[in-house]
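# Overview (structure and organization)
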Amino acid sequence: QVQLVESGGDLAQAGGSLRLSCAASGSIFTINAMGWYRQAPGKQRELVATITSGGSSTNYADSVKGRFTISRGNAKNTVYLQMNNLKPEDTAVYYCYAKLRTGYFKSESDYWGQGTQVTVSS
């Protein structure tokens, strides 16, 4: 069993900041990448940012570049999303995901958290 638990979602004003956290636990052999997606009401889930296991490579949606920063914690099963200069269009449920293997002979699979609500008021 693998669990991803997010925290940090809240109500913020436009121009403000929030920091999301995600911790993965359970039967984890190796985590290859972690990241954040978001889904606004009536819209499809979209990629926000991803980061490789060592933190050497990151990828951001164009809409958040320069405002959001993804990072890995010292405990390599954690990932953070620092969100600055928030905009009302950032309002969504934010989902943590991890691309990982649960054993040496297991193939890579994607796991998802339950989501945390971020609401940005104008």
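Residues numbered from 1 in each chain as written. Predicted model: local features only at pLDDT ≥ 70, side-chain atom pairs only at ≥ 80, totals over all residues. Heavy atoms only, no water.

## Some remarks on the packing of aromatic side chains
Overall, the coordinates contain five aromatic pairs when judged by the stated rule. Between Phe29 and Tyr104, the ring centres sit 6.0 Å apart and the planes meet at 90°, which makes this aromatic pair edge-to-face. With Phe29 in the loop between β3 (18–26) and β4 (30–39) and Tyr104 in the loop between β9 (92–101) and β10 (109–112), this residue pair connects regions lying 75 residues apart in the sequence. Aromatic side chains Tyr37 and Tyr97 sit 5.5 Å apart centroid to centroid with 90° between the ring planes, which places their arrangement in the edge-to-face category. On the criterion of sequence distance, the pair formed by Tyr37 in strand β4 and Tyr97 in strand β9 is long-range, its members being 60 residues apart. The residue whose ring lies beneath Arg19 is Tyr80, and the NZ or CZ to ring-centre distance is 4.1 Å. Taking the ring centre of Tyr95 as reference, the NZ or CZ of Arg45 above it sits at 3.7 Å. (Phe/Tyr/Trp six-rings, centres within 6.5 Å; stacked < 30°, edge-to-face > 60°. Helix = DSSP H or I, 4+ residues; strand = E, 2+ residues; numbered from the N terminus. Lys NZ or Arg CZ within 6 Å of the ring centre and 35° of its normal.)

## Side note on the pairing of strand β11 (residues 116–121)
Because side chains alternate across β11, one face comprises the buried residues Thr116, Val118 and Val120, and the other comprises Gln117, Thr119 and Ser121, none of which is buried. For strand β2 (residues 11–13) and β11, the ladder comprises three bridges, and the chain directions are parallel. Counterpart to Leu11 in the pairing with β11 is Thr119. Inspection of the sheet shows β9 paired to β11 by three bridges, in the antiparallel sense. (Buried < 20%, exposed > 50% of the residue type's maximum accessible area, 1.4 Å probe, protein only. Pairing = 2+ DSSP bridges.)

## Looking at unusual backbone geometry
The phi dihedral of Asn85 falls on the positive side, at around 50°, and the residue is not glycine. As for its position among the elements, Asn85 is in the loop between β8 (78–83) and β9.

Take it as geometry only, folks, not as evidence of what the structure does.
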